[in-house]
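Residue-level structural notes
Now for the letters of each chain:
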Amino acid sequence: MAIERTFSMIKPDATKRNLTGAITKILEDAGLRVVASKRVWMSKREAEGFYAVHKDRAFFGELVETMTSGPTIVQVLEGENAILKNREVMGATNPANADEGTIRKTHALSIGENSVHGSDAPETAAQEIKYWFSDTEIVG
Ligand code: CMP
């Protein structure tokens, strides 16, 4: 299996509840390594740019508002099959549909305040990593 990198965020609803360490531990216990990490309070422009793919969705305004409401931890995770593994560990987008033991089942409040984000494919992982990190900030 290939060693991959994926992009992850611990969202404001989770940082506000002091869950950065708890969520990172779940990721590490699943075999993912944090090879880059920083805490950002994203601007409206950064949130709109990051989530541009959703700009025509009814929830876009609420999404941008939520993501700019507090600090976010942006991370690069590395490991075998990291993209799929991170998606499995996160659980379904809506915590009501998430499996037991997943981050969202354990910690998320709602679909809008769902505690974490993770890239869904190799192309988006590359784009999302590049959106937040320069090559020299990623130390494997
Ligand atoms: P995320 O994986 O970060 O990708 C887009 C986000 O939009 C998603 O998690 C949710 O937090 C948020 N969102 C809010 N409402 C909805 C909705 N109805 N359907 C999908 N995503 C939503």
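Parameters at a glance
Residue positions within a chain follow its written sequence, with the count starting from 1. Predicted model: local features are reported for residues with pLDDT of at least 70 only, side-chain atom pairs are reported and counted for 80 or more only, and whole-chain, interface and lining totals are derived from all residues. Side-chain metrics rest on all non-hydrogen atoms present in the structure, leaving aside hydrogens and water. Side-chain rings of Phe, Tyr and Trp (the six-membered ring for Trp) are treated as a pair once their centres are within 6.5 Å; stacked means planes under 30 degrees apart, edge-to-face means over 60, and tilted covers the remaining angles. Secondary structure follows DSSP: runs of H or I at least 4 residues long count as helices, runs of E at least 2 residues long count as strands, and numbering of each begins at the N terminus. Residues count as neighbours in contact if any of their non-hydrogen atoms are within 4.5 Å of one another. We call a residue buried when its accessible area falls under 20% of the maximum for its residue type, exposed when it is over 50%, and partly exposed in between, using a 1.4 Å probe and counting protein chains only. Regarding the arc, it is the one traced by the directions from the helix axis to the C-beta atoms. UniProt positions are given in the numbering used here, feature names are shortened, and annotations may be inferred rather than shown by experiment. When DSSP locates at least two bridges between a pair of strands, those strands are taken to pair. We call a residue near a given molecule or strand whenever any one of its heavy atoms falls within 4 Å of it. Identification of polar contacts relies on pairs of N or O atoms within 3.5 Å, with a donor-acceptor requirement for protein atoms, meaning one able to donate a hydrogen and the other able to accept it, and with residues adjacent in sequence counted only if both atoms are side-chain atoms. For every accessible area listed, the method is Shrake-Rupley and the probe measures 1.4 Å; residues are considered covered only by the protein chains on display. Definitions used for this entry: grid spacing 1 Å over protein atoms alone; cavity, a set of points where a 1.4 Å probe fits but cannot get out; pocket, an open set with protein on both sides within 12 Å along at least 5 of 7 lines; lining residue, one with an atom within 4 Å of a point. If over half the atoms of a molecule are within 2 Å of the grid points of a cavity or pocket, the molecule is regarded as sitting in it. Think of it as three bins: nonpolar holds Ala, Val, Leu, Ile, Met, Phe, Trp, Tyr, Cys and Pro, charged holds Asp, Glu, Lys and Arg, and polar takes everything else, Gly as well.

Digging into the packing of aromatic side chains
By convention here, two paired aromatic rings are described through the distance between centres and the angle between planes. Within the structure shown, the criterion is met by five aromatic pairs. Measuring from ring centre to ring centre gives 5.7 Å for Phe50 and Tyr131, while their planes differ by 70°; the resulting arrangement is edge-to-face. Of the two residues, Phe50 is situated in helix H3 (residues 44-50) and Tyr131 in helix H7 (residues 122-132); the sequence distance between them amounts to 81 residues. Ring pairing ties together the aromatic residues Phe7, Phe50, Tyr51, Tyr131 and Trp132, which thus form one cluster.

Things to note about the side chain of His107
Tracing the backbone through its elements, the reader meets His107 in helix H6 (residues 103-107). Excluding anything up to four places from it in sequence, His107 contacts Arg17, Leu19, Ala22, Ile23, Ile26 and Ser115.

Concerning helix H2 (residues 20-29)
Restricting attention to buried positions, one finds in H2 the residues Ile23, Thr24 and Leu27. Taken end-on, H2 shows its buried residues confined to a sector of 100°, consistent with a single buried face. Opposite the packed face of H2, turned more than 90 degrees from it, sit the exposed residues Gly21 and Asp29. Looking one or two residues past H2, Gly31 carries a phi angle of roughly 95°, positive in sign.

A closer look at the UniProt feature "active site" (unreviewed entry) in the protein
In the numbering adopted here, UniProt assigns the feature "active site" (unreviewed entry) to His117. Its location among the elements puts His117 in strand S4 (residues 116-118). Relative accessible area serves as the criterion here: at 13%, His117 is assigned to the buried category. For His117, the residues in contact, after removing those within four places along its chain, are Phe7, Ser8, Met9, Lys11, Phe50, Tyr51, Asn86, Met90, Arg104 and Glu128.

Focus: the pairing of strand S3 (residues 72-80)
Residues in a regular strand project their side chains so that they alternate between the two faces of the sheet. Counting buried residues in S3 gives eight out of nine residues, a clear majority hidden from the surface. Pairing geometry for strand S1 (residues 3-10) and S3, over eight bridges, is antiparallel. Its bridge partner lying in S3, Thr6 is registered against Leu77. In the sheet, strand S2 (residues 33-40) pairs with S3 via seven bridges, with the strands oriented antiparallel. When the sheet's bridge partners are listed, Val40 is paired in S3 with Thr72.

Side note on the site of the ligand
Surveying the vicinity of the ligand reveals the residues Lys11, Tyr51, His54, Phe59, Leu63, Thr93, Arg104, Ile111, Gly112, Asn114 and His117. Taking Lys11, its side chain carries an N or O atom lying 2.7 Å from an oxygen atom of the ligand. Between the ligand and the protein, one listed contact pairs an oxygen atom with a side-chain N or O atom of Asn114 at 3.2 Å. About the coverage of the ligand: the protein hides 79% of its 460 Å² of free accessible area. In this structure, the ligand is accommodated by the largest pocket. Of the residues assigned to the shell around the ligand, the class counts are four nonpolar, five polar and two charged.

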